[in-house]
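Architecture at a glance
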Protein chains: 4
Amino acid sequence: MSVFNDVKSKTRHTIIRTASDLFYEKGYNLTGINEIIEESGIAKATLYSHFRSKEDLLLAYLDEKDQELLKSIKAFCASKPAGDEQLIAVLEFLIPFFEQEDFNGCWCIRSIAEVPRENVKVRTKIKSNKQAFRQFVLALVQSNKPELDKSQQQQLSNQLYLLYEGALTESHLQGAAWPIETSIGLLKDKLKKG
Amino acid sequence: MSVFNDVKSKTRHTIIRTASDLFYEKGYNLTGINEIIEESGIAKATLYSHFRSKEDLLLAYLDEKDQELLKSIKAFCASKPAGDEQLIAVLEFLIPFFEQEDFNGCWCIRSIAEVPRENVKVRTKIKSNKQAFRQFVLALVQSNKPELDKSQQQQLSNQLYLLYEGALTESHLQGAAWPIETSIGLLKDKLKKG
Amino acid sequence: MSVFNDVKSKTRHTIIRTASDLFYEKGYNLTGINEIIEESGIAKATLYSHFRSKEDLLLAYLDEKDQELLKSIKAFCASKPAGDEQLIAVLEFLIPFFEQEDFNGCWCIRSIAEVPRENVKVRTKIKSNKQAFRQFVLALVQSNKPELDKSQQQQLSNQLYLLYEGALTESHLQGAAWPIETSIGLLKDKLKKG
Amino acid sequence: MSVFNDVKSKTRHTIIRTASDLFYEKGYNLTGINEIIEESGIAKATLYSHFRSKEDLLLAYLDEKDQELLKSIKAFCASKPAGDEQLIAVLEFLIPFFEQEDFNGCWCIRSIAEVPRENVKVRTKIKSNKQAFRQFVLALVQSNKPELDKSQQQQLSNQLYLLYEGALTESHLQGAAWPIETSIGLLKDKLKKG
DNA sequence: GATGAATGAGAGTTCATTCAT
DNA sequence: TATGAATGAACTCTCATTCAT
């Protein structure tokens with residue numbers, strides 16, 4: 001039984017990994033099902049036995065990517081000393097992230113540009129991803145800024161999130177790291193002076 | 001003669017307007033040439049006598065949109081009293097912008113998600129659009145913060161640009177205006193205390 | 001397994017046969033993919049799963065036609081008594097060939113008129129077809145004229161090939177069999193008198 | 001009046017020359033009307049005021065080319081001493097012809113591959129061109145072989161014509177001059193030994 | 001007589017998906 | 001479960017031709 005599931009899971013995961021790489025590199029609409037199955041080394045019908053549609057693959061990709069990210073950034077921040085440094089770490093995380101060879105911006109923002117407005121499933125998934133990320137940032141603020149009241153914590157958390165998103169998107173668009181540095185600068189000012 | 005040119009210009013402009021609306025609403029790849037010509041009320045070959053390819057239409061769309069935007073935001077800022085208020089206006093501009101019924105985020109960021117990495121033409125156009133916008137922001141900073149030195153002006157300009165981009169992208173993604181307010185808050189802090 | 005292969009082969013061969021008939025009758029450029037699939041009774045995507053492009057179909061057509069031809073003419077010549085008669089048979093073969101209802105000249109010569117000069121693939125295929133034919137003629141000369149030296153055999157072979165090609169092309173162009181008779185006459189003279 | 005006609009003729013002739021070059025180089029179907037007008041430097045409607053259709057241009061092209069050819073080959077043969085040498089000259093003419101940089105085979109044979117079987121106009125034109133050529137060859141035989149009877153003259157003329165056509169087509173297909181040499185060899189044998 | 005703009009019909013190709021085995 | 005074959009709908013783009021001026 002568990003062997004069965006494992007085998008199934010393995011194939012399924014191979015597909016997700018392949019699709020993820022391709023979707024992230026080339027974009028969702030510019031990646032064909034044929035490319036995915038060729039690179040995965042499986043048959044087309046096999047893919048469709050694991051995923052009802054290409055859209056399902058997109059959802060799995062968004063899930064995979066965000067789980068990876070959350071795990072990485074949580075570890076990164078936890079490795080820093082408590083206090084402001086952990087908050088700044090959220091942005092500093094973006095530097096090695098940006099420097100990864102396959103860096104291609106934020107999959108959520110890129111994907112939202114590729115599906116129709118009516119596509120509630122995908123758009124909900126993306127919002128939920130971002131919500132989870134904001135939750136992580138808020139928790140980080142709460143544990144590192146216990147002196148602030150709830151409303152101030154929420155506000156700071158929002159600002160940090162915004163700086164993160166701006167830095168991520170702009171470093172991609174500009175093909176340069178300066179937006180990350182700019183974000184970090186803004187945050188440090190903020191933390192220092194108020 | 002001028003009649004001829006007008007006729008030509010008219011058709012051409014009709015196409016750009018139609019394509020712009022569709023590209024912005026549905027995205028580039030999800031908008032077919034057939035939709036554009038049907039909505040424009042012209043024949044397919046007419047479109048292709050005005051634009052060599054769909055990609056050319058994308059470039060025209062990016063140009064059209066950015067020219068519009070720059071004109072609007074320049075007017076909006078100029079309508080505010082000189083000083084910090086003109087800088088804040090850059091972000092405040094996003095509120096009515098966001099409230100427009102057809103608001104769908106930043107066409108540049110959305111378009112960059114839709115073309116292959118190798119597409120130098122489009123990516124260059126997008127960067128050049130953003131460069132022009134950054135130039136506008138820098139000029140605004142220079143004229144409203146003459147007391148700062150060049151390097152400080154550049155830094156502030158970068159920060160303002162980043163807040164603008166973050167607010168724009170996030171208000172779109174979240175479907176809410178709070179990222180704009182958050183950006184404005186951050187900027188006001190910065191201007192007050194630093 | 002073999003059933004699978006057979007099914008695949010069947011469809012593939014149906015396509016080639018249909019395309020061959022149409023290409024030979026109407027010409028390559030004047031035959032549309034739509035005609036081929038309609039006549040084949042298959043879907044467009046099915047065709048493109050068997051052949052990467054229309055050009056690939058052209059190559060398959062050239063191959064199919066030449067294999068058929070070589071088989072036929074070899075059988076025809078083998079049915080004649082050894083000696084000069086086998087050489088003359090090469091030209092005599094053209095008489096029933098010309099009389100076939102669907103006779104439309106030489107597919108190689110017709111095809112070479114339809115593809116751009118730069119199309120190396122097709123032009124190479126055509127040359128290779130003709131090379132195979134010349135090889136057949138040369139072998140026939142060698143086995144039926146052992147008394148000649150190599151150079152003489154080559155020369156006679158070239159002459160026979162040339163008469164074949166001229167008769168084929170001209171019987172088509174003129175819509176008459178006399179060029180074949182003329183070729184045969186010339187060859188007989190040649191064989192008789194040296 | 002004559003000025004008018006001359007102007008008209010000039011434009012018309014420019015078009016024919018341009019179309020001829022393109023048709024001969026690229027083939028009829030692969031040459032677009034747009035290319036012709038661009039290269040001619042005229043407007044599309046101007047072309048259509050001189051030629052009812054692209055087919056009419058094809059007819060003009062076939063006419064132009066054959067008139068040129070007949071003039072050239074007649075001059076070439078006339079420059080040789082009377083007798084067998086004038087007959088051989090018909091084939092020798094092909095050597096410099098083949099060596100011309102823009103040599104691309106026989107326009108008649110190439111064109112016949114490009115129009116539908118039903119196209120009587122073009123096919124008739126091509127046959128009539130070839131008929132005129134055969135007439136020229138026959139006249140040459142008659143004046144250089146007065147000792148032969150009518151039937152023999154006709155036969156020799158047909159053979160010469162066939163060798164010419166074979167050499168022309170094959171030198172093109174093979175991209176080599178040997179078919180011309182082979183044809184000449186066959187003819188010389190024939191003339192020598194009867 | 002000459003023109004630029006516009007066109008309907010069709011080209012070849014690719015897409016995500018499903019079916020039969 | 002896994003597969004190779006097949007599909008309808010859609011894609012971008014080009015053709016020879018005609019119309020209004």
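Since this is a predicted model, take the numbers as computed values, not measurements. The numbering scheme is per chain: residues are counted from 1 as the chain's sequence reads. Chain letters start at A and ligand numbers start at 1, both assigned in the order the entries are written. Side-chain atom pairs in this predicted model are given and counted only at pLDDT of 80 or more, local residue features only at pLDDT of at least 70, and totals for whole chains, interfaces and linings cover all residues. Neither water nor hydrogens contribute to the side-chain values; these are computed over all heavy atoms in the structure.

**Quick notes on the relation of the copies chain D and chain C**
Note on the copies: chain D fits chain C at an RMSD of 0.1 Å, the axial shift is 0.0 Å, and the rotation between them is 179°. One copy is carried onto the other by what is essentially a two-fold rotation axis. Relative to the rotation axis, the C-alpha of glycine 166 of chain D is the closest in chain D, positioned 2.0 Å from it. A contact between two residues is defined here by any heavy atoms of the two lying within 4.5 Å. When you check the interface residues of chain D against chain C, 100% turn up at the interface there too, and the contact is symmetric in its surfaces. Only residues with pLDDT of at least 70 in both copies contribute their C-alpha atoms to the least-squares superposition of the copies.

**Examining the relation of the copies chain B and chain A**
The two chain copies are connected by a rotation around an axis plus a translation along it. For the pair chain B and chain A, the relating rotation is 179°, the translation along its axis is 0.1 Å, and the fit reaches an RMSD of 0.1 Å. With an isologous cut-off of 70% or more, the 100% of interface residues of chain B that recur at the interface of chain A puts this contact in the isologous class.

**Side note on helix H5 (residues 84-92) of chain D**
The rule is simple: take the accessible area with a 1.4 Å probe, protein chains only, and divide by the maximum for that residue type; under 20% is buried, over 50% is exposed, in between is partly exposed. In this description a helix means any DSSP run of H or I spanning at least four residues, a strand means any run of E spanning at least two, and both kinds are numbered starting from the N terminus. Every buried residue belonging to H5 of chain D is among Gln86, Leu87, Ile88, Ala89, Val90 and Leu91 of chain D, and all of these are buried. At its buried positions, H5 of chain D is contacted by helix H4 (54-78), helix H6 (94-99), helix H8 (120-144), helix H9 (150-174) and helix H10 (178-193) of chain D.

**A closer look at the protein's contact with DNA strand E**
If even one non-hydrogen atom of a residue comes within 4 Å of a molecule or strand, that residue is called near it. In the neighbourhood of DNA strand E, 33 residues make up the surrounding shell, with Thr11 of chain B, Lys44 and Tyr48 of chain C together with Ala45 and Thr46 of chain D lying closest. Near the protein, meaning within 4 Å, the atoms of DNA strand E are sugar or phosphate in a fraction of 62%, with bases accounting for the rest. One of the side-chain N or O atoms of asparagine 34 of chain C is found 2.8 Å from a phosphate oxygen in DNA strand E. Secondary-structure elements contributing two or more residues to the surface near DNA strand E are helix H3 (44-50) of chain A, helix H1 (2-26) and helix H3 (44-50) of chain B, helix H2 (33-40) and helix H3 (44-50) of chain C together with helix H3 (44-50) of chain D. Amino acids are sorted into nonpolar (Ala, Val, Leu, Ile, Met, Phe, Trp, Tyr, Cys and Pro), charged (Asp, Glu, Lys and Arg) and polar (every other residue, Gly among them). The residue inventory of the surface near DNA strand E, partitioned by class, reads 14 nonpolar, 12 polar and 7 charged. Polar contact is defined as a pair of N or O atoms within 3.5 Å, subject to the rule that within protein one atom must be able to donate a hydrogen and the other to accept it, and that residues adjacent in sequence are counted only when both atoms are side-chain atoms.

**Comments concerning the interface of chain B and chain A**
Each partner contributes residues to the interface: chain B has 43 residues there, and chain A has 43 residues. A combined buried area of about 3700 Å² lies between chain B and chain A, and 62% of that area is made up of carbon and sulfur atoms. We define a salt bridge as a contact between a side-chain nitrogen of Lys or Arg and a carboxyl oxygen of Asp or Glu at a distance within 4 Å. Inspection of the region where chain B meets chain A yields 2 salt bridges. Between aspartate 189 of chain B and lysine 190 of chain A there is a salt bridge whose closest N-O contact spans 2.6 Å. For the pair chain B and chain A, the number of links is 8 residue pairs in polar contact (both at pLDDT 80 or more). When residues of the side of chain B that touches chain A are traced back to their parent elements, those giving at least two are helix H7 (107-112), helix H8 (120-144), helix H9 (150-174) and helix H10 (178-193) of chain B. Here the side of chain B that touches chain A gets 13 residues from one element, more than from any other, and that element is H9 of chain B. Class assignment of the residues belonging to the side of chain B that touches chain A gives a composition of 16 nonpolar, 12 polar and 15 charged. By buried area we mean the combined loss of accessible area, with a 1.4 Å probe, across both parts when two parts are placed together.

**Observations concerning the side chain of lysine 145 of chain D**
Turning to its location among the elements, lysine 145 of chain D is positioned in the loop between H8 and H9. In this view, lysine 145 of chain D contacts Asp84, Leu87, Gln153, Leu156 and Leu191 of chain D; residues no more than four positions away in its chain are not counted.

**Notes on the state of the cysteines**
Note that a disulfide, as used here, is simply two cysteine sulfur atoms within 2.5 Å. Tallied over the entire structure, the rule returns 0 disulfides over all chains. Looking at cysteine 108 of chain A, it has no disulfide partner, and the nearest cysteine sulfur is the one in cysteine 106 of chain A, 4.6 Å off. Of the cysteine sulfurs around cysteine 77 of chain C, a residue in no disulfide, the closest is that of cysteine 106 of chain C, at 16 Å. Overall, the relative accessible area of 1% leaves cysteine 77 of chain C in the buried class.

**Digging into the interface of chain D and chain C**
Contacts between the two partners involve 43 residues from chain D and, on the opposite side, 43 residues from chain C. Approximately 3700 Å² of surface area, both sides summed, lies buried where chain D meets chain C, with 62% of it carried by carbon and sulfur atoms. For the pair chain D and chain C, the interface holds 2 salt bridges. Put simply, chain D and chain C have 8 residue pairs in polar contact (both at pLDDT 80 or more) between them. Listing elements by their share of the side of chain D that touches chain C, those giving two or more residues are helix H7 (107-112), H8, H9 and H10 of chain D. The dominant element in the side of chain D that touches chain C, judged by the number of residues it contributes, is H9 of chain D, at 13 residues. Along the lines of polarity and charge, the residues of the side of chain D that touches chain C split into 16 nonpolar, 12 polar and 15 charged.

**Quick look at helix H9 (residues 150-174) of chain A**
Residue and element names in this part refer to chain A. Its 25 residues place the ends of H9 35 Å apart at the C-alpha level, agreeing with the 36 Å of an ideal helix rising 1.5 Å per residue. Burial analysis of H9 places 20 of its 25 residues in the buried class, which makes it a mostly covered element. For H9, the side-chain oxygen to backbone nitrogen distance between the N-cap and serine 151 is 3.1 Å, and the N-cap itself is aspartate 149. Two residues or fewer after H9 comes glycine 175, characterised by a positive phi angle close to 65°. How far a helix is expected to stretch is found by multiplying one less than its residue total by 1.5 Å.

**Topic: the packing of helix H10 (residues 178-193) of chain A against H9 of chain B**
Lines are fitted to the C-alpha atoms to define the axes, a helix being fitted only along its stretch in contact, and any angle between axes, read from their N-to-C directions, falls within 0 to 180 degrees. Axis separation between H10 of chain A and H9 of chain B bottoms out at 10 Å; the angle between their running directions is 95°. Taken together, the axes of H10 of chain A and H9 of chain B lie roughly perpendicular to each other. Every residue of H9 of chain B that contacts H10 of chain A at Trp178, Pro179, Thr182, Ser183, Gly185, Leu186 and Asp189 of chain A is listed here: Asn158, Gln159, Tyr161, Leu162 and Leu163 of chain B. Classifying every residue of the contact of H10 of chain A with H9 of chain B by side-chain character gives 6 nonpolar, 5 polar and 1 charged. Each angle is binned into one of four classes, with values under 35 degrees roughly parallel, values over 145 roughly antiparallel, values of 65 to 115 roughly perpendicular, and all other values oblique.

**Some thoughts on the side chain of serine 111 of chain A**
Residue placement: serine 111 of chain A occurs in helix H7 (residues 107-112). Apart from the residues within four sequence positions on either side, serine 111 of chain A is in contact with Leu58, Tyr61, Leu62 and Ile126 of chain A.

**Comments concerning the arrangement of the chains**
The smallest C-alpha distance separating chain B from chain C is 20 Å, and no contact links them. Between chain A and chain D there is no contact, and the shortest C-alpha to C-alpha separation is 31 Å.

**A closer look at the packing of helix H9 (residues 150-174) of chain C against H8 of chain D**
Taken N-terminus to C-terminus, the directions of H9 of chain C and H8 of chain D make an angle of 120°; their axes are 10 Å apart at the nearest point. The angle between the axes of H9 of chain C and H8 of chain D places the two elements in the oblique class. In contact with His172, Leu173 and Gln174 of chain C of H9 of chain C, H8 of chain D contributes Arg123, Ile126, Lys127, Lys130 and Arg134 of chain D. Among the residues making up the contact of H9 of chain C with H8 of chain D, the classes are represented as 2 nonpolar, 2 polar and 4 charged.

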